[in-house]
Amino acid sequence: MTLPLKTRLMLLYLTTFALIICAWSVFVVVLVRADLYAGIDRALDSRASQVALALGTSAKGEVEFQNITGSTLVGVAPTEATAQLLSSGGAVLESSGETMSLKPILPPSDVAQALQTGKASFHTVADSTGEKFRVLMVRLPQTDRVIVVGMTTENAAASLQRVIFMMLLSGPLALLLASVAGWMLSRRALAPVARMTSIADGIGIEALGERVPVPVGHDEISALARTLNRMLDRLETGVRAKRRLVADASHELQTPLAVMRTEFDVSLSSPTLPPEAVEVLESAREEADRMARIVRNLLTLARFDEGTLRLLRTPTDLRELAAEVVESLSVLAQESSVSVTVSGDPVEASVDPEYLRVALVNLVENAVKYSGAGSTVTVETAAADGEPSLSVVDDGPGIPEEALPHIFDRFYRVDSSRNQASGGSGLGLAITCEIVEAHGGRLDVESRVPGGTRFTAVFPRA
Ligand code: ADP
């Protein structure tokens, strides 16, 4: 089931409510119908008693029914119920109403049965027009005659229809009101969950200190929020411990690496070394350099992660900084036969020059490393829309489109076999990106294969 919980709850609630309304309506209709017919039966009963009484007193205490036209039944209000006095053969002896009805309400067979059992019985009959009547038949005491009283059920049926109509009208209306109320209630009940979801969604590795809001009270939702927060506490502790470990380990590795490099340098300065030993030592020295770079990069990233790295911003001329970096990398550029130039006007930005130098060195080093002999690298400064920017442009092999989304990931390298010779570790661009973003800027990349790559660091306006 892919429907949201809110909708599922609503559907469940509405189905239950609809079933309850249906059962309630049926119950009410059955009850009202039974009540209406019980009322008719009671009226018939008292009517029959009235008739019996009237007949009994018509001839000074004796029961007498010869004079049909001077009907004793006329004395009884004819609008309430039709009444007939039937002979044992089923013939009409007397009838209420202004005109005498000679057609018996009930057939002779029923009359015979009433005489035989002597018990009152209720029947429902329809007349020639189809109108329904409720009929009570009772034997007149101490005679072989039968009193039949009947009453139309039309009024009861109309009342019942009104009740059914009311039920049909009020049922869907109640359902509609209940669905609106249910929708609002479920929204309200689940609102804390929606809030918790959106906040929990925003808690990433870089915002581990955030917690989801705990709703007031001690219900399931607040218990869920507390559990989530406890889980985040544990996660934060674990991540902090991991970062600490990386930071401490990189910090601790720096000194032995520095010692190793010095020892290699001292050994290499010996004039008596055989050429094979010089070759091995130089290779080991290069590897030690590489390891020192990786360790330095790891330490910088760990400090970024811990939030312990503080930028010391000063107004800096980006063009001057670019020139310094290009100068510092001139030996590498010469060795790689790559020409590196600076272009653009002086542009001032509020940055930490030390960290920005690290970022720019990474970009220029990459451009020189990956472009290959004979290519050109340019460091450009600009201030489009007042936003200071630094671009490093090369005409090297470019970066494949599918690799572009990953190049700022830690330890990501486009093609490890191609990059093996460059001695990189996949941390340079990750650090550069962190440094630029720490300044409130962004690092963009455009690349074509073949054609070249342009990295642009854009900083916020002063
Ligand atoms: P590395 O230590 O491997 O240089 P980076 O994070 O600096 O790590 O770069 C990630 C990957 O991006 C590199 O392995 C390389 O393949 C690719 N790359 C970076 N800069 C360039 C560039 N100017 N030209 C082509 N590829 C590049």
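Preceding block: the structure.
Definitions and limits used
Residues numbered from 1 in each chain as written. Predicted model: local features only at pLDDT ≥ 70, side-chain atom pairs only at ≥ 80, totals over all residues. Heavy atoms only, no water. Phe/Tyr/Trp six-rings, centres within 6.5 Å; stacked < 30°, edge-to-face > 60°. Helix = DSSP H or I, 4+ residues; strand = E, 2+ residues; numbered from the N terminus. Lys NZ or Arg CZ within 6 Å of the ring centre and 35° of its normal. Buried < 20%, exposed > 50% of the residue type's maximum accessible area, 1.4 Å probe, protein only. Contact = heavy atoms within 4.5 Å. Pairing = 2+ DSSP bridges. Axes fitted to C-alpha atoms, helices over the stretch in contact; angles between N-to-C directions. 1 Å grid on protein atoms, 1.4 Å probe; cavity = no way out; pocket = protein on both sides within 12 Å on 5 of 7 lines; lining within 4 Å. Points joined across faces, edges and corners; volume = space filled by probe spheres on them. Nonpolar A, V, L, I, M, F, W, Y, C, P; charged D, E, K, R; others polar. Near = heavy atom within 4 Å. Polar contact = N/O pair within 3.5 Å; in protein donor to acceptor, adjacent residues only side chain to side chain. Areas by Shrake-Rupley, 256 points an atom, 1.4 Å probe, with all protein chains shown as cover.

Following the criterion strictly, the structure yields four aromatic pairs and no others. Arranged with centres 6.4 Å apart and planes meeting at 70°, the rings of F408 and F455 form a pair that is edge-to-face. Placement of the pair is F408 in the loop between β10 (389-394) and α9 (416-419) and F455 in strand β12 (residues 452-458), with a sequence separation of 47 residues. Looking at R33, its charged tip hangs above the ring of Y37, at a distance of 4.6 Å from the centre.

With that out of the way, let us pick up helix α10 (residues 428-438). The element α10 is extensively covered by neighbouring structure, given that eight of its 11 residues are classed as buried. If you check which residues of α10 are buried, you get G428, L429, A430, I431, T432, C433, I435 and V436. Looking at the packing, one finds that the buried side of α10 touches α5 (275-306), α8 (353-371), β11 (442-448) and β12. Immediately downstream of α10, the backbone of G440 shows phi near 85°, a positive value.

Here we take up the sheet that holds β11. Strands belonging to one sheet form pairs held by backbone hydrogen bonds; the direction of such a pair is parallel or antiparallel. Taken in spatial order, the five strands make up an open sheet running β7-β9-β10-β12-β11, and their pairing is mixed. Looking at which strands have only one partner, the edges of the open sheet turn out to be β7 (339-343) and β11. Adjacent strand axes in the sheet meet at a mean angle of 15°, parallel and antiparallel pairs treated alike. In this sheet, strand β9 (residues 376-382) lies alongside β7 in parallel orientation, the contact comprising five bridges. The residue bridging V342 from the neighbouring strand is V379, located in β9. Here α10 sits on the sheet in contact with β11 and β12, set at roughly 135° to β11.

With that settled, the discussion passes to the layout of surface pockets. Empty space within the second largest pocket amounts to approximately 400 Å³. Contributing to the lining of the second largest pocket are 20 residues, with I205, R243, L301, D305 and R410 lying nearest its centre. Elements that contribute at least two residues to the lining of the second largest pocket include exactly α4 (220-268) and α5. Per-element tally for the lining of the second largest pocket: the top contributor is α4, with six residues. Looking at the lining of the second largest pocket residue by residue, the classes come out as 11 nonpolar, one polar and eight charged.

Around the ligand, the structure places 21 residues, and the nearest of them are N366, Y370, R413, S425 and L429. At 2.8 Å from an oxygen atom of the ligand is found a main-chain nitrogen or oxygen belonging to L429. When the ligand sits alone it has 530 Å² of accessible area, and the protein chains cover 98% of it. At the level of elements, α8, α9, α10 and β12 are the ones that each hand at least two residues to the shell around the ligand. Looking at the shell around the ligand element by element, the count peaks at four residues for α8. The class makeup of the residues in the shell around the ligand is nine nonpolar, eight polar and four charged.

To continue, consider the pairing of β9. Of the strand pairs in this sheet, β9 and β10 are connected by six bridges, and their pairing is antiparallel. Each residue of the ladder has a partner; that of T381, found in β10, is L390. Between β9 and β10, which follow one another and run antiparallel, lie six residues, and D385 among them has a positive phi close to 55°.

Bridge analysis of β11 against β12 gives seven bridges, and the strand direction is antiparallel. Residue pairing in the sheet places V445 in a bridge with F455 of β12. Counting the residues that bridge the hairpin from β11 to β12 gives three residues, and of these G451 lies at a positive phi of roughly 150°.

Spatial relationships are all this shows, so hold off on functional conclusions.
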